[in-house]
Amino acid sequence: MTRLNWQDIAPDGAKALSVIYHYVMKKTNLPEELVHLVFLRVSQINGCAHCIDMHSRDLRKTMSIDKITLVPVWEEVHHLFSDQERAALAWAEEVTRVSETHASDEAYAAAAAAFTPKDLVDLTITIAAMNAFNRLGAPFRVPVAAKP
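Residues numbered from 1 in each chain as written. Predicted model: local features only at pLDDT ≥ 70, side-chain atom pairs only at ≥ 80, totals over all residues. Heavy atoms only, no water.

**Student:** Now, about the overall build of the protein: what can you tell me, with residues and values included?
**Tutor:** Summing up its helical and strand segments, the protein has nine helices and zero strands in all. Tracing the protein from N to C terminus, the helices and strands come up as α-α-α-α-α-α-α-α-α. The C-alpha atoms of the protein give 15 Å as radius of gyration, which agrees with the globular expectation for 148 residues (15 Å, within 12%). With the C-alpha coordinates of the protein rotated into their principal frame, the extents come out at 45 × 35 × 30 Å. By the burial criterion, 39% of the 148 residues in the protein qualify as buried. Look at the contacts in the protein between residues 6 or more apart in sequence, and 65% of them connect residues 24 or more apart. (Helix = DSSP H or I, 4+ residues; strand = E, 2+ residues; numbered from the N terminus. Rg over C-alpha atoms; globule rule 2.2 N^0.38 Å. Buried < 20%, exposed > 50% of the residue type's maximum accessible area, 1.4 Å probe, protein only. Contact = heavy atoms within 4.5 Å.)

Below, the structure written as structure tokens:
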């Protein structure tokens, strides 16, 4: 079944989300590769095919396919990810699953140790933004670029 194109139907809403995306990509000190890594992991957790496809493509420009493939199991292959990447991925999982994790003190302390206060807030905005995009992309089945 074809679903609504949420961006066409609510262009002001799409524009509002794009302002957050622009902030994350252009106005923070977070490395672009780290942002796309977080976007990918959040999208994997939320099951948004469009976002998984898009951010995997973004990461392939700068990251090995082996590393991208192992993002869902990053804790098992910790040697492939930097300390900051591991902290960002852990915080992304914690915040994305906040109804289960309640953003534990332990997870917060680990994230706070790896990021400056401003970067931690920006990372959390990054996670929140991708969760918002996923909650539109998945239910409205935004198409993927992938071909058979």
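**Student:** Describe helix α2 (residues 11-26), naming the residues involved and giving the relevant values.
**Tutor:** Between the first and last C-alpha of α2 there are 22 Å, a value that for 16 residues agrees with the 22 Å anticipated at 1.5 Å per step. Along α2, the residues classified as buried are A14, L17, V24 and M25. Here the buried residues of α2 occupy an arc of 90° about the axis, which is enough to place them on one side. Along α2, exposed side chains directed more than 90 degrees from the buried face belong to D12, K15, V19 and K26. Along its buried surface, α2 packs onto α1 (6-9), α3 (32-46) and α9 (117-137). (Expected span 1.5 Å × (residues − 1). Arc of directions from axis to C-beta.)

**Student:** Pulling in residues and values, what's your account of the nonpolar core?
**Tutor:** The biggest cluster of nonpolar side chains holds 27 residues, and the ones touching the most others in it are V38, W91, F115, L123 and I127. When residues of this core are traced back to their parent elements, those giving at least two are α2, α3, α6 (83-96), α8 (105-114) and α9. Apart from residues no more than four positions distant in its own chain, F115 is found in contact with L30, L34, Q84, A87, A88, L120 and L123. Counting residues in hydrophobic clusters, the runner-up holds 10 residues, among them I68, V71, V77 and F81. (Core = buried A, V, L, I, M, F, W, Y, C linked by side-chain atoms within 4.5 Å.)

**Student:** An account of the pattern of salt bridges is requested, with residue identities and associated values reported.
**Tutor:** Evaluated as defined, the whole model comprises seven salt bridges. A salt bridge links K61 to D58, with the shortest nitrogen-to-oxygen separation between them at 3.8 Å. Here K61 falls in the exposed class, since its relative accessible area comes to 68%. A salt bridge links E93 to R97, with the nearest nitrogen and oxygen atoms 4.0 Å apart. Exposure remark for R97: the relative accessible area of 29% places this residue in the partly exposed category. (Salt bridge = Lys/Arg side-chain N within 4 Å of Asp/Glu carboxyl O.)

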